[in-house]
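# Per-entry structural report
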Amino acid sequence: MLRSVVLGCGSYLPARILSNDELARSVETTDEWIVQRTGIRERHIAAPGEMTSDLAYNAARAALDHAHVDASSIDLIVLATATPDYTFPATAVAVQARLGINHGAAFDLQAVCSGFVYGLQVADSLLRAGIYKRALVVGAETFSRILDWNDRTTCVLFGDGAGALVLEAQEGTGTNADRGLLTTHLRSDGRHQAKLYVDGGPSSTQTVGHLRMEGREVFKHAVAMITDVIHDAFDATGLNAGDIDWFVPHQANKRIIDGSAHKLGISPEKVVITVDRHGNTSAASIPLALADAVADRRIRRGNLILLEAMGGGFTWGSALLRW
Ligand code: UT7
């Protein structure tokens, strides 16, 4: 059977770093509150004029270099973002053009913080169906552009960044020993839309709008939803928490990550954390964390990696991947 195997990964963070102390000069908050409640110490903010496609392009370029493959060999680009450059065309086609690719397909996918896991399942399905051979799956966001910088309950939580994986369809044996994506599981429940949303859009207000969140409500559901969809991944493969080499969760809040790892029985040394340095970068957080742990050689070929995300919609999902 065909498997979607990771050939390389890369990431990009804008140069500007915004610390908690700096934020505390413009809204009523403290470094202590933000660190205690979220684990976030700083986040990166895109420069004026620097767009989601710029971040995505840099991450995609880094992933292609890491994979040692030419951009021209990519025939599918799936770009997960909730902060596209324009209402249309898709940010993915801007990245495609900048990479000099003019064959195959490129499109955006919108599942907010779960976008990267959604993107993995979509790309994996198309690769394993034999429709495409080599894919870029990108998560890229400029959430700084949709934050209400006067709302301390949300503006301290998010940051900008991008990450990307190169996936290739390769023949596998169909067992858990194969490299590549072993299983992916997605869920959504639109009854929760109003708990995390942006109050603008082309069809409603004709404005971009600002992010609004009932943080406590999201928090209340997060650990149960995350652990539930991870159990789907375990059930589908027969693997369990003890088999995991690295847990690379969506980076929204250190307390949610710790709570999920604890409930699953995954020890803290196996958890990749970037939320302290990146904040919540929505669809970009998982590939950013993967690239971090690959760069410092924690993640190695053959490792079993567990991914999960949960966010607006609500949407949530999990993936098991052998590196
Ligand atoms: O990407 C996926 C989607 N997002 C998430 O997963 C986020 C999920 N939610 C969370 O991470 C947490 O709920 C937050 C970090 C947003 C908030 O933490 P919390 O422990 O749930 O705090 P809270 O909302 O219950 O607020 C506690 C207090 C409130 O004051 P009162 O009502 O107790 O007087 C807030 O007004 O903290 C206050 N507060 C702040 N204080 C200082 C809220 N934001 C701030 C702030 N600085 N930035």
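Residues numbered from 1 in each chain as written. Predicted model: local features only at pLDDT ≥ 70, side-chain atom pairs only at ≥ 80, totals over all residues. Heavy atoms only, no water.

## Here we look at the domain arrangement of the protein
Annotation of the protein at the domain level lists domain 1 (2-171) and domain 2 (180-322). Centre-to-centre separation of domain 1 and domain 2, based on C-alpha positions: 14 Å. Each partner contributes to the interface: domain 1 provides 51 residues, whereas domain 2 provides 49 residues. For the pair domain 1 and domain 2, the summed buried area comes to about 3800 Å², and 66% of that belongs to carbon and sulfur atoms. Connecting domain 1 to domain 2 are one salt bridge. Between Arg212 and Asp148 there is a salt bridge; the shortest N-O distance is 3.0 Å. Between the two partners, domain 1 and domain 2, sit 17 residue pairs in polar contact (both at pLDDT 80 or more). Elements supplying a minimum of two residues to the side of domain 1 that touches domain 2: strand S1 (2-12), helix H2 (31-38), strand S3 (42-45), helix H5 (115-128), strand S6 (134-142) and strand S7 (160-171). If one sorts the elements of the side of domain 1 that touches domain 2 by residue count, S1 sits on top with eight residues. (Domains from an automatic or database assignment. Contact = heavy atoms within 4.5 Å. Buried area = accessible area lost by both parts, 1.4 Å probe. Salt bridge = Lys/Arg side-chain N within 4 Å of Asp/Glu carboxyl O. Polar contact = N/O pair within 3.5 Å; in protein donor to acceptor, adjacent residues only side chain to side chain. Helix = DSSP H or I, 4+ residues; strand = E, 2+ residues; numbered from the N terminus.)

## Remarks on the packing of aromatic side chains
All chains considered together, the criterion is met by one aromatic pair. One cation-aromatic arrangement involves Arg298 over Trp246; the distance from NZ or CZ to the ring centre is 5.9 Å. (Phe/Tyr/Trp six-rings, centres within 6.5 Å; stacked < 30°, edge-to-face > 60°. Lys NZ or Arg CZ within 6 Å of the ring centre and 35° of its normal.)

## Quick notes on the sheet that holds strand S12 (residues 304-311)
Hydrogen bonding along the main chain pairs the strands of a sheet, whether they run parallel or antiparallel. The sheet built from four strands is open, its strands ordered S8-S13-S12-S11 with mixed pairing. Strand pairing shows two members of the sheet lacking a second neighbour, strand S8 (180-188) and strand S11 (246-249), which therefore form its edges. Taken pair by pair, the neighbouring strands of this sheet meet at an average axis angle of 10°, ignoring direction. As judged from the eight bridges shared by S8 and strand S13 (residues 315-322), these two strands associate in the antiparallel manner. Bridge pairing links Thr183 to Leu320 in S13. Relative to S12, helix H10 (residues 285-295) is tilted by about 150°, and along the sheet it contacts S11 and S12. (Pairing = 2+ DSSP bridges. Axes fitted to C-alpha atoms, helices over the stretch in contact; angles between N-to-C directions.)

## Looking at the site of the ligand
Near the ligand there are 23 residues, and of these Thr29, Arg37, Arg216, Asn253 and Asn280 occur at the shortest range. Side-chain polar atom of Trp33 to an oxygen atom of the ligand: 3.3 Å apart, as the coordinates give it. Separating a nitrogen atom of the ligand from a backbone N or O atom of Arg152 is a distance of 2.9 Å. Elements that contribute at least two residues to the shell around the ligand include exactly H2, helix H6 (152-155), helix H7 (215-237) and helix H8 (254-264). At four residues, the largest contribution of residues to the shell around the ligand is made by H7. Tallied by class, the residues present in the shell around the ligand amount to eleven nonpolar, seven polar and five charged. When residues of the shell around the ligand are assigned to domains, at least three map to each of domain 1 (2-171) and domain 2 (180-322). (Near = heavy atom within 4 Å. Nonpolar A, V, L, I, M, F, W, Y, C, P; charged D, E, K, R; others polar.)

## A look at the pairing of S12
Most of S12 sits inside the fold, with eight of its eight residues counted as buried. Neither face of S12 is exposed, since Leu304, Leu306, Glu308 and Met310 on one face and Ile305, Leu307, Ala309 and Gly311 on the opposite face are all buried. Of the strand pairs in this sheet, S11 and S12 are connected by four bridges, and their pairing is parallel. Bridge pairing in S12 places Phe247 opposite Leu306. The hairpin formed by S12 and S13 contains three residues between the paired strands, and Gly313 there has a positive phi angle of roughly 140°. (Buried < 20%, exposed > 50% of the residue type's maximum accessible area, 1.4 Å probe, protein only.)

## Points about the pattern of salt bridges
Using the criterion set out here, one finds 17 salt bridges in the structure. Its salt-bridge partner being Asp228, residue Arg187 comes within 3.1 Å of it at the nearest N-O pair. Highlighted residues: Arg187 in strand S8 and Asp228 in helix H7, separated in sequence by 41 residues. Residue class for Asp228 comes out partly exposed when judged on its relative accessible area of 38%.

## Examining the sheet that holds S7
A sheet is described by the order of its strands in space; here five strands give the open sequence S1-S7-S6-S4-S5, paired in mixed fashion. The strands lining the two open edges of the sheet, one partner per strand, are S1 and strand S5 (105-109). In this sheet, adjacent strand axes meet at a mean angle of 20° when their direction is disregarded. Where helix H4 (residues 91-98) meets the sheet, it contacts strand S4 (76-80) and S5, and its direction lies at approximately 140° from that of S5.

## What about the environment of Thr52?
When you line up the elements, Thr52 lands in helix H3 (residues 52-67). As for Thr52 and Thr237, which are separated by 185 residues in sequence, their C-alpha atoms are 35 Å apart. In this structure, Thr52 is in contact with Thr81, Thr83, Asp85, Thr91, Ala140, Glu141 and Thr142, ignoring residues within four places of it in sequence. Reaching out from Thr52, the side chain makes a polar contact with the backbone oxygen of Thr83 at a distance of 2.6 Å.

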